[in-house]
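Structural features, examined
Given next are the chains, with one letter for each unit.
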Amino acid sequence: FMSYSKDPYLRTFLDSIQTDLQRTLLAKGFNVTGPFENFDTMTFPNKKDAVLALMPEFVLVIDEKYTDTYRNESGSYFKMKGNIVMNGFIKFTVVEPISEQKIWIKKINTPEQTEGIEVDLMYSNLQKGELNQMNANKDNRQAALVNMLNRIYPEAKGKFWNYLNTEEIEMMR
């Protein structure tokens, strides 16, 4: 199984989401400071000047499900066929910055995404990760991940726009 937590495409996706969230807030007329990693990195003057703090959270669960698998005894050759399934949600929490009291929480599910995946890898040197060039050597797991992220992205942007209502947030002040 592949580890997606350090995937550069996932990192780019999350960075882009953060940038678009800031653009959305600015376009809706909010004054924006940050982003901050967490409340501990905010200085007291930052907290005092901010009326509210928005804490977005994006959670993705990525699961590989294989219907066919084969692995030779040495582990130098393996074939797998199946699906990669992605579920997740976006959670917006509005907090009063000094007390860190939660004022408003919205959780929005992202639609489940599924892509077919196929892995056929043969290594000539497993320790060094060198592939045997006599084999087709295909692995579309990362491409499948990118396709799913590209489908989720416009929907996430749209949800930011719809749920971050200026009038509703003004009322919380």
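Check the entry above for the structure.
Rules behind the numbers
Residues numbered from 1 in each chain as written. Predicted model: local features only at pLDDT ≥ 70, side-chain atom pairs only at ≥ 80, totals over all residues. Heavy atoms only, no water. Helix = DSSP H or I, 4+ residues; strand = E, 2+ residues; numbered from the N terminus. Rg over C-alpha atoms; globule rule 2.2 N^0.38 Å. Buried < 20%, exposed > 50% of the residue type's maximum accessible area, 1.4 Å probe, protein only. Expected span 1.5 Å × (residues − 1). Bend = angle between axes of the 7 residues up to and from the residue. Contact = heavy atoms within 4.5 Å. Core = buried A, V, L, I, M, F, W, Y, C linked by side-chain atoms within 4.5 Å. Axes fitted to C-alpha atoms, helices over the stretch in contact; angles between N-to-C directions. Parallel < 35°, antiparallel > 145°, perpendicular 65-115°, else oblique. Nonpolar A, V, L, I, M, F, W, Y, C, P; charged D, E, K, R; others polar. Phe/Tyr/Trp six-rings, centres within 6.5 Å; stacked < 30°, edge-to-face > 60°. Salt bridge = Lys/Arg side-chain N within 4 Å of Asp/Glu carboxyl O.

**So, the overall build of the protein chain**
For the protein chain, the helix and strand inventory stands at four helices and five strands. When the elements of the protein chain are put in sequence order from the N terminus, they spell out α-α-β-β-β-β-β-α-α. Expected size for 173 residues packed as a compact globule is a radius of gyration near 16 Å; at 21 Å, the protein chain overshoots this value by more than 25%. Principal axes of the C-alpha set define a box for the protein chain whose edges measure 65 × 30 × 25 Å. The buried share of the protein chain, taken over its 173 residues, is 36%.

**Considering helix α3 (residues 141-163)**
Here α3 is 23 residues long and its end C-alpha atoms lie 32 Å apart, about the 33 Å a rise of 1.5 Å per residue gives. When the local axis directions of α3 are compared, the greatest deviation, roughly 25 degrees, occurs at I152, which is followed within four positions by the proline P154. Turning to α3, its buried residues number three or more, namely R141, A144, L145, M148, L149, I152, Y153, A156, K159 and F160. Where the residues of α3 are buried, they touch α1 (8-27), β1 (53-71), β2 (77-96), β3 (101-125) and β5 (138-139).

**Considering the nonpolar core**
In this structure, F13, F58, L60, F92 and L164 are the most contacted members of the largest nonpolar core, which totals 34 residues. Broken down by secondary-structure element, the contributors of at least two residues to this core are α1, β1, β2, β3, α3 and α4 (166-172). Ranked by the residues each element gives to this core, the list is headed by α3, at eight residues. Not counting residues up to four positions away in its chain, the partners in contact with F58 are F13, L14, I17, F89, I90, T110, I152 and A156.

**Brief notes about the packing of α1 against α3**
Orientation of α1 relative to α3, taken along the N-to-C sense of each, is 10 degrees, at an axis distance of 10 Å. In terms of axis orientation, α1 runs roughly parallel to α3. When α1 is examined against α3, the residues P8, Y9, L10, F13, S16, I17, D20, L21, T24 and A27 are found in contact with a partner set consisting of Q142, V146, L149, I152, Y153, A156, K157, F160 and W161. Of the residues that constitute the contact of α1 with α3, the class distribution is 14 nonpolar, three polar and two charged.

**A word on unusual backbone geometry**
You will see that E100, though not glycine, has its phi angle at about 60 degrees, which is positive. With respect to the secondary-structure elements, E100 resides in the loop between β2 and β3. A residue is classified by how much of its surface remains accessible, and E100, at 38% relative accessible area, is partly exposed. Of note in the backbone geometry, N137 takes a positive phi value of approximately 50 degrees without being a glycine.

**Things to note about the packing of aromatic side chains**
By the definition in use, this model includes four aromatic pairs. Measuring from centroid to centroid gives 5.4 Å for F13 and F58, while their planes differ by 85 degrees, and the two rings are edge-to-face. With a gap of 45 residues between them, F13 in helix α1 and F58 in strand β1 connect regions that are remote in the sequence. For F13, a relative accessible area of 5% gives the class buried. Ring centres 5.7 Å apart and planes at 70 degrees place the aromatic pair F13 and Y153 in the edge-to-face group. Here Y153 lies in helix α3 and F13 lies in helix α1, a separation of 140 residues in the sequence.

**Quick notes on the pattern of salt bridges**
Counted by the stated rule, this structure contains nine salt bridges. Here E64 ties to R141 by a salt bridge, and the two come within 4.0 Å at their closest N and O atoms. Here the residue E64 occupies a position in strand β1, and R141 occupies one in helix α3, the gap between them amounting to 77 residues. Taking relative accessible area as the criterion, E64 reaches 7% and is therefore assigned buried. Note that D139 and R141 form a salt bridge whose closest N and O atoms lie 2.7 Å from each other. Overall, R141 belongs to the buried group, its relative accessible area being 8%. By sharing partners, the salt bridges in this structure join D20, R23 and K157 into a single network.

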